[in-house]
Amino acid sequence: MENLRALHNELEQIVGEIGILPEAQVSDYTFDGFVPKAVVLPASVQEIQDVLRFASKKALSVIPAGAGTKLGIGNLPQKVDIVLATTRLNRVVEYEPADLTVTVEAGIRLADLQAELAQHRQFLPLDPSYSDRCTIGGIVSANASGPLRLRHGTARNQVLGLQVVHANGTTVKSGGKVVKNVAGYDLNKLYIGALGTLGIVTEVTLKLSPIPVREAILTAGFDNVQDAVKTGLNVVGSQMLPMFVNLLINFEAGGAIPAKRPTLIVGFGGDPETVAWQLERCQETMEQNGARGVTIIEDKPRQHLHVAVQEFAAHAERVIAKLNLKRTDVAEFAAQVVAEGSDRGVQVMALLGSGVLYLAIPVASDTDFQVFAKHLTELRQSVTAARGNLIVENAPPELKQHIDVWGSFGDATGLMKQVKVRFDPSGLLNPGRYILSI
């Protein structure tokens, strides 16, 4: 206790009393059974630099975070000393509506940014889970996206420039404020999706899109997975240009989705005349392929449904696995999972245009995690044989003790270790969460 009090006192000298999260709120940043010794909330880049230099001097680990919604991603950390949350860095630095670009501090919430952009009929086309709480820095660090990735891509496609603080306190910038700004190495891509293991993102420049005048979702049930996937891929490959095409199985969303039947949900957005044509064509395609209960959903019910089918949110009582596959392999694996997991209530969501298959697998109090890990490993081997990969995005620590959540990086492992050592030679940032041995 005395050591913790001394640590808090020293950190308070850097970030002030307001920059230390009260003990009663530390649970918001507790993950995988690890309780941080301190959660600091710096209010400037200078304070972040000073915290990192202090941690390096004291040989303390630093876990970068935003609102804490992505902390469950990754392997078990080697140690958790200081969680550094960027939520006080939450300003819009520069916004140019005419250029469709905005520069923000990393701690700004996506919901707050969207509200600001909406005043100019613009938005950031990213819709990850926890969209009401997650921060831009967290989204970028996890390369999070959502159903809209079919039309707009992931965070990698929206980021124009970054400001990052390295483990030694050095601040670097990459990219710029225009779309075509890459000359030489595109360092943005190195930091995006690195989970803060190479540096702490403090500022992000993003490209924006106009808000569609009309948005609508079309839902339809099918008798089997194969027909649903075939129809969805037909829509993806057509001139309808959907915003997203998702397959849901064993999924409930306020009565809009049948509980058991494989269901396609297709989103459209644009000018009213175009959306009307898209809906008509899509409905025809679905009905020709045996769809049942084709329904058009708009306005507030559409918004609620869109939120419900964003990437599965983490939950203590379920494991979330993400399978990256060829589009043509989605039907086979989805059908296999449904057949094997029907008695366990496994939920399935496929982003058909992207070849991504999400599984939400319930965890019971008597679950044998060693056996669970064995089953996941066998599924991973099948996915790898199909030239895909499987990532365990959310799992209780008991399961992480038996499986590497990322799987093998193959020939890239050595290169990734070299990059980590170059950027963070002392292993200060997120030790062990990306590659187990560093």
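For the structure given in this document, a descriptive report is provided here. (Residues numbered from 1 in each chain as written. Predicted model: local features only at pLDDT ≥ 70, side-chain atom pairs only at ≥ 80, totals over all residues. Heavy atoms only, no water.)

Structural notes on the packing of aromatic side chains
Point 1. With the rule as written, the count across this model stands at three aromatic pairs.
Point 2. Ring centres of Trp 406 and Tyr 434 lie 4.7 Å apart, and the angle between their planes is 25°; on these two criteria the pair is classed as stacked. Note that Trp 406 is positioned in the loop between α13 (397–400) and α14 (412–423) and Tyr 434 in the segment after α14, a separation of 28 residues in sequence.
Point 3. Look at Phe 409 and Tyr 434: their rings are 6.2 Å apart centre to centre, the planes differ by 55°, and that puts the pair in the tilted class. Separated by 25 residues along the polypeptide, Phe 409 in the loop between α13 and α14 and Tyr 434 in the segment after α14 bring together distant segments of the chain.
Point 4. Here a set of aromatic residues connected by ring pairs shows up, and it is made of Trp 406, Phe 409 and Tyr 434. (Phe/Tyr/Trp six-rings, centres within 6.5 Å; stacked < 30°, edge-to-face > 60°. Helix = DSSP H or I, 4+ residues; strand = E, 2+ residues; numbered from the N terminus.)

Some details on the nonpolar core
Point 1. In terms of nonpolar packing, the biggest core is built from 56 residues, with Leu 247, Val 319, Leu 323, Leu 357, Leu 359 and Leu 399 touching the most fellow members.
Point 2. Sort the elements by how many residues they give to this core and helix α12 (residues 369–385) lands first, with six residues.
Point 3. Of all hydrophobic cores here, the second largest spans 28 residues; its members include Leu 126, Ala 144, Val 204 and Leu 208. (Core = buried A, V, L, I, M, F, W, Y, C linked by side-chain atoms within 4.5 Å. Buried < 20%, exposed > 50% of the residue type's maximum accessible area, 1.4 Å probe, protein only.)

Some details on the sheet that holds strand β16 (residues 347–351)
Point 1. Read across the open sheet, the eight strands follow the order β14-β11-β13-β12-β16-β17-β15-β18; overall the sheet is antiparallel. Two strands in the sheet have a free side with no partner beyond their single neighbour: β14 (292–298) and β18 (389–394). Averaged over all pairs of adjacent strands, the angle between strand axes in this sheet comes to 20°, irrespective of strand direction.
Point 2. On the sheet, helix α10 (residues 299–308) packs against β11 (214–221), β12 (244–249) and β14 and is oriented at approximately 105° with respect to β14. (Pairing = 2+ DSSP bridges. Axes fitted to C-alpha atoms, helices over the stretch in contact; angles between N-to-C directions. Contact = heavy atoms within 4.5 Å.)

Points about unusual backbone geometry
Point 1. Of note in this structure, Asp 299 is not a glycine but carries a positive phi near 60°.
Point 2. Here Asn 430, not a glycine, exhibits a phi torsion of approximately 50°, which is positive.
Point 3. Positionally, Asn 430 belongs in the segment after α14.
Point 4. Judged by relative accessible area, which is 2%, Asn 430 ranks as buried.

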